[in-house]
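# Architecture and fold: a report
In case you want the letters, here they are:
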Amino acid sequence: MATPAEQLRALPRMWVVVAGAVLCTVVGLLVVLSGGDDASLSTIGEVDQSVTAGLITTTIPTTTPTTTVIKDVGASSTAATSTADGPTTTGRLPDGPITTTDSGTSTMPTTSVIAVDVGAEYELDIDAAAPGVEGRTVPDEQEANPAPIVTTAPPPWAWSTRTTAGGQLSTNVGCARDRSAGALDAFLAARVGPVLGWDYQHVYPLGGDRYLWLFQDVFLDHSGTKTTLDSSRFIHNGAMVQEGKCFRLLHRGSVEAPAPFEVGDGTVDVRTKWLWPMGGEVVNGSLQVFWAEMVKDPYDPDPPNGLGWHPRRTFLATYDAVTLARTDYRPARNPGVLPIYGYAVASDATHTYLFGNTFEQNMLREGGFWNGPHSATKMYVARVRRGMLMDWPEYRTVDGWSLAPEDAVPIVERFYAENPMQPRFLDGQWVAATAVDGYWGDHIAIDVSETAWGPWQTVQFSPLQPRGGDPKMNTYHAQPLPWRDQYGSLQITVSNNARNMRRDAWGQPHRYRPTIVFTPYTPTPATTTTTTTEPPTTTTALPPMPAPTTTPTTTTIRPTTTIATTTTVTTTTAPTTTVPTTTSSTTTVMTTTSTVTPTSTSTSSTTTPPVSTTTTTTTPIRPP
């Protein structure tokens, strides 16, 4: 049976417009006759979701009285205690037909409207009773799971477990119905073979219909007898190969004692030092992935101060794209972490871009949560020749590019806790998904740009709900998938977890599994015909090329935080925001008005603006 989302998308688009207009007229008359009393339209604290002819209306549940609101109002900021009910917001699916090409890909109709004014939409609610992240500690290492006794029937995946040519343990874990958001979400919502839960998914195209998914913090049980996270085996990273719509799990070690997919130089362990995947790409038949070496801090911060670990160095690993056997592992050319260049990676026709973020989630290392905005709110970018990830990068500066990392300036700077943008070059345009403020936030931003360095324009800013709208859960790490669905929509993976992981997810593993959402694809805004003059790259002495080593040492250089001014030639208006709805099959659907900046009619020869930076300044107030 088709899900509500599939039924909705199957409606004829002309009837969508007509029926939606009629519904709006009727609802408007009822509101006028009733005196416009909001209480007559919805019950406080409940979600009223109606889907009629493409129009989705949702009432945001009321917030808890003890809530600190950090609200961005552009150049200045205010903070206040919020006790009001959330507003009712309305979003509409794009009008017009969806065109499908012979290759099976689809495109959404192009519209010309104003980009979202994030300054008017952004706020961060900090609830003392429900902090963004709590109880997430490194699990104790379990004893090796014993092999099942002879009388126990083996789990259905046991027959497929084997050791690959690359030295990985491979297990077939099943197939999704197809590659749509709904099908992938249903697949990831359940136990995936031996996997009870995982997060921070990164998806890398391998060529054809093959993709590699890398995860952080994976809980495994090959025996099929464990049902809680704390009783299963824990590894700090794991992999899943997607071939079409089917998947197989990859990690090192054995069934009884699994080990991470990437073990680095062999000195990693569960409690003190481990590796987490960052960005990567396939280059000439090899997949190259940046890895952040994480170290445990000697304490676990109290809420809302984040997590007790931080990145120390950046490494680059190379794998055969077919067998996924590792062929090289060494420090990245710039192995620093202030920021991590390689936090996200994507290429256009001429260059590979290394997006930079500090990935700092221990706020005590930066003076505490209330001493923000924090370093992870800044996104930087460097570039190398396409595919040459071991070249020394050139860094985006206020007026061009430089070989000196200290000259770098942020290309985007916004929010309070984190701005974890995940850019991707998809179908000829730059698009990025951002889980606003990471663990501490509950919105998603979709940005588009003509270049990797911006100006990035926000075309959607919407609430982001966890699977099922579970109030004990939060959302974080949103990354666009490297393909669009059959309707042309952008598909986005989002991590889910319980706000208090130890208390609410260890015994309920379904809370610690990614979800997939989708949103209409917004084309890159049309621009004027220009002649671009780019300043020459500043030269400087380069450090030597690092060689593979088991004990690399690095010197971390922090880029300057000089912020360039953004020059805007269009006016911006905040459109009506949207709220994601959850279908009966637990697929979260984000819908919004597609937005792009209006086309300019100028055809004069101009010079490209130096660099675009969005700056958010906030002054939080502690909760009482």
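Parameters and conventions
- Residues numbered from 1 in each chain as written.
- Predicted model: local features only at pLDDT ≥ 70, side-chain atom pairs only at ≥ 80, totals over all residues.
- Heavy atoms only, no water.
- Helix = DSSP H or I, 4+ residues; strand = E, 2+ residues; numbered from the N terminus.
- Buried < 20%, exposed > 50% of the residue type's maximum accessible area, 1.4 Å probe, protein only.
- Contact = heavy atoms within 4.5 Å.
- Areas by Shrake-Rupley, 256 points an atom, 1.4 Å probe, with all protein chains shown as cover.
- Pairing = 2+ DSSP bridges.
- Axes fitted to C-alpha atoms, helices over the stretch in contact; angles between N-to-C directions.
- Disulfide = S-S within 2.5 Å.
- Polar contact = N/O pair within 3.5 Å; in protein donor to acceptor, adjacent residues only side chain to side chain.
- Salt bridge = Lys/Arg side-chain N within 4 Å of Asp/Glu carboxyl O.
- Core = buried A, V, L, I, M, F, W, Y, C linked by side-chain atoms within 4.5 Å.
- pLDDT = per-residue confidence, 0-100.
- Phe/Tyr/Trp six-rings, centres within 6.5 Å; stacked < 30°, edge-to-face > 60°.
- Lys NZ or Arg CZ within 6 Å of the ring centre and 35° of its normal.

## A few points about the overall build of the chain
Each helix and strand in the chain was counted, giving five helices and 34 strands. When each of the 624 residues of the chain is scored for burial, the buried share is 54%. Once local pairs closer than 6 in sequence are excluded, the contacts in the chain between residues at least 24 apart make up 67%. On the chain, roughly 24,900 Å² of surface is accessible, and the fraction owed to carbon and sulfur atoms is 56%.

## Side note on the sheet that holds strand E27 (residues 429-436)
Here four strands make up an open sheet; going across it, the order is E26-E27-E28-E29 and the pairing antiparallel. Of all the strands in the sheet, the pair left with one neighbour each is strand E26 (422-426) and strand E29 (457-463). The average angle at which neighbouring strand axes cross in this sheet is 20°, direction not considered. As paired elements, strand E28 (residues 443-449) and E29 share six bridges and run antiparallel to each other. If you follow Ala 445 over to E29, its bridge partner there is Phe 461.

## Details of the state of the cysteines
Counting across every chain of the model gives one disulfide. Residue Cys 175 pairs covalently with Cys 246 via a disulfide, S to S 1.9 Å. One quick way to see it: the torsion about the S-S bond of Cys 175 and Cys 246 is about 100°, and its sign makes the bridge right-handed. With a gap of 71 residues between them, Cys 175 in strand E10 (residues 169-175) and Cys 246 in strand E14 (residues 246-253) connect regions that are remote in the sequence. By relative accessible area, which is 28% here, Cys 246 ends up partly exposed.

## Looking at the pairing of strand E22 (residues 378-385)
Successive side chains on a regular strand alternate, one facing one side of the sheet and the next facing the other. Most of E22 sits inside the fold, with seven of its eight residues counted as buried. The sheet contact formed by strand E21 (residues 351-357) and E22 spans six bridges and is antiparallel. Each residue of the ladder has a partner; that of Gly 356, found in E22, is Tyr 380. Inspection of the sheet shows E22 paired to strand E25 (residues 412-413) by two bridges, in the antiparallel sense. Bridge pairing in E25 links Met 379 to Val 412.

## Let's talk about the environment of Trp 392
Inspection of the secondary structure assignment puts Trp 392 in the loop between E22 and strand E23 (394-396). Given a relative accessible area of 13%, Trp 392 falls into the buried group. The contact partners of Trp 392, leaving out residues within four places of it in the chain, are Arg 333, Asn 334, Val 384, Leu 403, Pro 405, Leu 542 and Pro 543. Separated by 2.8 Å, the side chain of Trp 392 and the backbone oxygen of Leu 403 make a polar contact.

## Let's talk about the pairing of strand E13 (residues 233-243)
Most of E13 is tucked away, with ten of its eleven residues classed as buried. Between the antiparallel neighbours E13 and E14 lie two residues, among them Gly 244 with a positive phi of about 70°.

## So, the pattern of salt bridges
Scanning the entire structure with this criterion turns up 17 salt bridges. Note that Arg 177 is salt-bridged to Asp 178, the shortest N-O span being 3.7 Å. Using a relative accessible area of 27% as the deciding quantity, one classes Asp 178 as partly exposed. Linking Asp 300 and Lys 296 is a salt bridge whose minimum nitrogen-to-oxygen distance equals 3.0 Å. Given a relative accessible area of 38%, Asp 300 falls into the partly exposed group. Here Lys 296 falls in the partly exposed class, since its relative accessible area comes to 22%. When salt bridges with common partners are traced through the structure, they connect Arg 210, Glu 243 and Arg 248 into a single cluster.

## What to know about the nonpolar core
The nonpolar side chains of a soluble globular protein tend to be buried, and buried together. Counting residues in hydrophobic clusters, the biggest one holds 71 residues, and the most contacted among them are Phe 355, Phe 369 and Trp 440. Among the elements that take part in this core, strand E20 (residues 340-347) stands out by supplying six residues, more than any other. Formed by 23 residues, the second largest nonpolar core is a distinct cluster that contains Ala 176, Tyr 211, Phe 247 and Leu 481.

## Looking at the confidence of the model for the chain
Summary statistics for the chain give a mean pLDDT of 75 and a share of 64% for residues scoring 70 or more. In the model, residues 1-18 has pLDDT below 50 throughout and makes 29 contacts with residues more than four positions away in sequence or in other chains. Within the model, pLDDT remains below 50 along residues 31-113, and this stretch shows 189 contacts once partners closer than five positions in the same chain are excluded.

## Description of the sheet that holds strand E16 (residues 273-283)
The pairing of strands in a sheet happens through backbone hydrogen bonds and is either parallel or antiparallel. The antiparallel open sheet is built from four strands, whose spatial order is E16-E17-E18-E19. Two strands bound the open sheet, and with one partner strand each, they are E16 and strand E19 (326-331). Ignoring strand direction, the axes of neighbouring strands in this sheet form an average angle of 25°. Note: strand E17 (residues 286-296) against strand E18 (residues 309-320), eleven bridges, orientation antiparallel. In the strand pairing of E18, Gln 288 is matched with Thr 318.

## Some words on the packing of aromatic side chains
Geometry of an aromatic ring pair is reported as the spacing of the ring centres plus the angle between the planes. All told, the structure shown has 31 aromatic pairs when counted by the stated rule. Between the aromatic rings of Trp 392 and Tyr 395, the centroid separation amounts to 6.1 Å while the plane-to-plane angle is 70°, which identifies the pairing as edge-to-face. For the pair formed by Trp 392 and Tyr 395, the shared burial category is buried. A connected cluster of aromatic rings, assembled from ring pairs, spans Tyr 200, Trp 274, Trp 276, Trp 309, Tyr 343, Phe 359, Phe 369, Trp 370, Tyr 416, Tyr 439, Trp 440 and Tyr 476. It is Arg 383 that lies over the ring of Trp 401; its NZ or CZ is 4.1 Å from the centre. Its end group placed over the ring of Tyr 521, Arg 484 keeps NZ or CZ at 3.7 Å from the ring centre.

## Focus: unusual backbone geometry
A cis geometry characterises the amide bond from Pro 303 onward to Pro 304, with omega recorded as 0°. When you line up the elements, Pro 304 lands in the loop between E17 and E18. For the bond running from Leu 338 to Pro 339, omega is 10°, close enough to zero to count as cis. Even without a glycine there, the phi angle at Asn 284 is positive, about 50°. For Asn 284, the location among the structural elements is in the loop between E16 and E17. Judged by its relative accessible area of 79%, Asn 284 falls in the exposed class.

## Considerations on the environment of Trp 274
With respect to the helices and strands, Trp 274 occurs in strand E16. Under the relative-accessibility criterion, Trp 274 is labelled buried at 1%. Distance in space between the C-alpha atoms of Trp 274 and Asn 237 is 8.5 Å, their sequence separation being 37 residues. Trp 274 has contacts with Val 138, His 236, Val 268, Asp 269, Ala 292, Glu 293, Met 294, Lys 296 and Trp 309, leaving out every residue within four places of it along the chain.

## Some details on the side chain of Glu 394
Among the secondary structure elements, Glu 394 is positioned in strand E23. At a separation of 2.5 Å, a polar atom in the side chain of Glu 394 contacts the side chain of Arg 383.

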